[in-house]
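# Fold and geometry: a report
Below are the chains, spelled out letter by letter.
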Amino acid sequence: MSMSTKPQRIDPRVLRTRQLIRDAFIELLYELELEKITVNRISERATINRVTFYLHYRDIPDMIDRLADDMINEIHAILKEFPNHSDSNMQMIIKILEHIAENSKYYKVLLASKRIPVFTERLMKLFAEFITTRMNKLEESSTLKVQKDIAIWYGSSAIIGTIVFWLRNDLPYTPIYLAAQLSELLHLPQQEVK
């Protein structure tokens, strides 16, 4: 018996139901504090019954954890599209910001208004890993005078903080403009936007 390495295809009905649950949860977060959101409220808003909710998630904390996983997987997929050299940093930041802008309703409530810790923590960890990888590649040629771990903390916090304020202010800048500004602040090499 051989194991298939193909990723399992998820039934479109399952994906649709999960999307209904996710959308209902986001809508409710705009209206209520997290503690006041119940499985009943989510189910009613999603026009499903409670049993259907429990077929997908153990409880609300499990659902939040899985939503955070989905967010990180989506951003990680963008990071993987770009080779590990400095010429692609600007393009990668633009793609991440475009993704966040396209899903701004979702990110606005989870990162910027309710600040549900698991989302911020996972995103911070992902950006810290990204910065660490990039710094390791640049280490030989760099004359950085800042302790490496401090530079990583600073860079990941600055990116998250900028994204949070961008969302809170209703995305006043385009992803391309904001990426150029972040590149200036983080001293990333500028190149032509493709």
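Residues numbered from 1 in each chain as written. Predicted model: local features only at pLDDT ≥ 70, side-chain atom pairs only at ≥ 80, totals over all residues. Heavy atoms only, no water.

### So, the overall build of the protein
A count of helical and extended segments in the protein gives nine helices and zero strands. Counted from the first residue to the last, the protein has its helices and strands arranged as α-α-α-α-α-α-α-α-α. Counting only residues that meet the buried cut, the protein has 40% of its 194 residues in that class. For the protein, long-range pairs separated by at least 24 residues make up 65% of all intrachain contacts whose partners lie at least 6 apart in sequence. Total accessible area on the protein is roughly 12,100 Å²; 54% of this is exposed by carbon and sulfur atoms. (Helix = DSSP H or I, 4+ residues; strand = E, 2+ residues; numbered from the N terminus. Buried < 20%, exposed > 50% of the residue type's maximum accessible area, 1.4 Å probe, protein only. Contact = heavy atoms within 4.5 Å. Areas by Shrake-Rupley, 256 points an atom, 1.4 Å probe, with all protein chains shown as cover.)

### Some words on the layout of surface pockets
When its volume is computed, the second largest pocket comes out at roughly 350 Å³. Looking at the second largest pocket, the residues that line it are Ile10, Leu15, Arg18, Gln19, Arg22, Tyr57, Arg66, Leu67, Asp69, Asp70, Asn73 and Glu74. When residues of the lining of the second largest pocket are traced back to their parent elements, those giving at least two are α1 (12-31) and α4 (60-80). The element that contributes the greatest number of residues to the lining of the second largest pocket is α4, accounting for six residues. Its residues assigned to classes, the lining of the second largest pocket shows four nonpolar, two polar and six charged. (1 Å grid on protein atoms, 1.4 Å probe; cavity = no way out; pocket = protein on both sides within 12 Å on 5 of 7 lines; lining within 4 Å. Points joined across faces, edges and corners; volume = space filled by probe spheres on them. Nonpolar A, V, L, I, M, F, W, Y, C, P; charged D, E, K, R; others polar.)

### Here's the deal with the confidence of the model for the protein
Of the residues in the protein, 86% have a pLDDT of 70 or more, and the chain-wide mean is 86. Ranking the elements of the protein by mean pLDDT puts helix α7 (residues 117-138) last, at 85, and helix α2 (residues 39-46) first, at 97. (pLDDT = per-residue confidence, 0-100.)

### So, helix α8 (residues 148-168)
In a regular helix each residue adds 1.5 Å, so 21 residues correspond to 30 Å; α8 covers 30 Å between its end C-alpha atoms and thus fits that length. All of the buried residues in α8 are Ala151, Ile152, Gly155, Ser156, Ile159, Ile160, Ile163, Val164, Trp166 and Leu167. Just past α8, the residue aspartate 170 takes up positive phi, approximately 60 degrees. (Expected span 1.5 Å × (residues − 1).)

### A short note on the nonpolar core
Of all hydrophobic cores here, the largest spans 59 residues; its most connected members are Phe25, Ile42, Phe53, Met63, Leu110, Phe119 and Leu123. Counting residues per element, the ones that place at least two in this core are α1, α2, α4, α5 (89-102), α6 (104-113), α7, α8 and α9 (175-185). For this core, the leading source of residues is α4, giving ten residues. Not counting the four nearest positions on each side in its chain, leucine 110 is found in contact with Phe25, Ile26, Leu29, Arg115, Ile116 and Phe119. (Core = buried A, V, L, I, M, F, W, Y, C linked by side-chain atoms within 4.5 Å.)

### Concerning the UniProt feature "DNA-binding region" (unreviewed entry) in the protein
Residues given the UniProt feature "DNA-binding region" (unreviewed entry) here are residues 38-57. Helix makes up 75% of residues 38-57 and strand 0%, whereas the separation of the span's terminal C-alpha atoms amounts to 13 Å. (UniProt positions renumbered as here; feature names shortened; annotations may be inferred.)

### A closer look at the pattern of salt bridges
Scanning the model with the defined rule gives twelve salt bridges in all. Residues arginine 58 and aspartate 62 are paired through a salt bridge, measuring 3.6 Å at the closest nitrogen-oxygen approach. Residue classification places aspartate 62 among the buried residues on the basis of a relative accessible area of 8%. Between lysine 125 and glutamate 129 there is a salt bridge; the shortest N-O distance is 3.3 Å. Of this pair, lysine 125 and glutamate 129 are both found in helix α7, four residues apart, which corresponds to roughly one turn of the helix. For glutamate 129, a relative accessible area of 41% corresponds to the partly exposed category. (Salt bridge = Lys/Arg side-chain N within 4 Å of Asp/Glu carboxyl O.)

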